[in-house]
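Breakdown of the fold
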Amino acid sequence: GAGVSQSPRYKVAKRGQDVALRCDPISGHVSLFWYQQALGQGPEFLTYFQNEAQLDKSGLPSDRFFAERPEGSVSTLKIQRTQQEDSAVYLCASSSPAGYGYTFGSGTRLTVV
Amino acid sequence: GIQVEQSPPDLILQEGANSTLRCNFSDSVNNLQWFHQNPWGQLINLFYIPSGTKQNGRLSATTVATERYSLLYISSSQTTDSGVYFCAVEPSGGYNKLIFGAGTRLAVHP
């Protein structure tokens, strides 16, 4: 596609519920990133994929967070047993090997109540 | 890890004014980008500028990699320029992730 597409745009989850957030990167982009942005702060790195390989997951805040990209294109970020502190905007970005920078999606705003 | 500091944290302008936003970083970088986050939360890539100077309309940016800073210039500001401006760097050493500063919150009033 022309840009990075994320869905859903908004998600309200009850505490303890599992959620799945989807990212569809720009076609042909090898690298895919997930970021978490709390209110009033800059985005913080969660995890990085090169094709289907998850090369860095150092930013995932707990073992309740899990990401996958099984065919090297679409990626899913899953959060199990959501807690209030998980409320944030989750941003996905992709980049090409040419290194012309990163393109971000519109994000998914997750609210845990 | 690398530190990214942006200044000023907040900026209020009258429409038509010019401004300069600064980004300092604490170590060498492969990549530096400036983003504008609009009120709807979309991060728009303004410049990919690991070094040198680039211009795009009323916006321009300069990165002096040897001195570890970058500047974003906004000329003849418009109300649509309002939002948060982020500087983000990719540290050297093949470490593939962007580290963001805390942002500069800009409000342009008519």
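Just above, that's the structure.
Analysis parameters
Residues numbered from 1 in each chain as written. Chains lettered and ligands numbered in written order. Predicted model: local features only at pLDDT ≥ 70, side-chain atom pairs only at ≥ 80, totals over all residues. Heavy atoms only, no water. Core = buried A, V, L, I, M, F, W, Y, C linked by side-chain atoms within 4.5 Å. Buried < 20%, exposed > 50% of the residue type's maximum accessible area, 1.4 Å probe, protein only. Helix = DSSP H or I, 4+ residues; strand = E, 2+ residues; numbered from the N terminus. Contact = heavy atoms within 4.5 Å. Pairing = 2+ DSSP bridges. Axes fitted to C-alpha atoms, helices over the stretch in contact; angles between N-to-C directions. 1 Å grid on protein atoms, 1.4 Å probe; cavity = no way out; pocket = protein on both sides within 12 Å on 5 of 7 lines; lining within 4 Å. Points joined across faces, edges and corners; volume = space filled by probe spheres on them. Nonpolar A, V, L, I, M, F, W, Y, C, P; charged D, E, K, R; others polar.

Points about the nonpolar core
Core analysis: the largest hydrophobic core is formed by 22 residues, its most contacted members being W34, L72 and V89 of chain B. Residue assignment for this core shows that the elements contributing at least two residues are β2 (10–14), β3 (19–25), β4 (29–37), β5 (43–48), β7 (59–64), β8 (69–74), β9 (83–91) and β11 (104–109) of chain B. Apart from residues no more than four positions distant in its own chain, V89 of chain B is found in contact with I2, V4, F25, V29, N31, L32, K97, L98 and I99 of chain B. L21, L46, A88 and L110 of chain A belong to the second-largest nonpolar core, a separate cluster that totals 20 residues.

Brief notes about the sheet that holds strand β7 (residues 65–68) of chain A
Residues and elements named next belong to chain A. Within the open sheet, the 4 strands sit side by side as β1-β3-β8-β7. Their pairing is antiparallel. Looking at the sheet topology across the chains shown, the edges are occupied by β1 (5–7) and β7. With strand direction ignored, the average angle separating the axes of adjacent strands in the sheet is 15 degrees.

A word on the layout of surface pockets
As a volume, the largest pocket reaches approximately 450 Å³. Lining the largest pocket are 22 residues, with Q37, L39, V89 and R109 of chain A together with Q37 of chain B sitting closest to its centre. Breaking the lining of the largest pocket down by element, the ones donating at least two residues are β9 (88–95) and β11 (108–112) of chain A together with β9 of chain B. Tallying contributions element by element places β11 of chain A first for the lining of the largest pocket, with 3 residues. Of the residues that constitute the lining of the largest pocket, the class distribution is 10 nonpolar, 9 polar and 3 charged.

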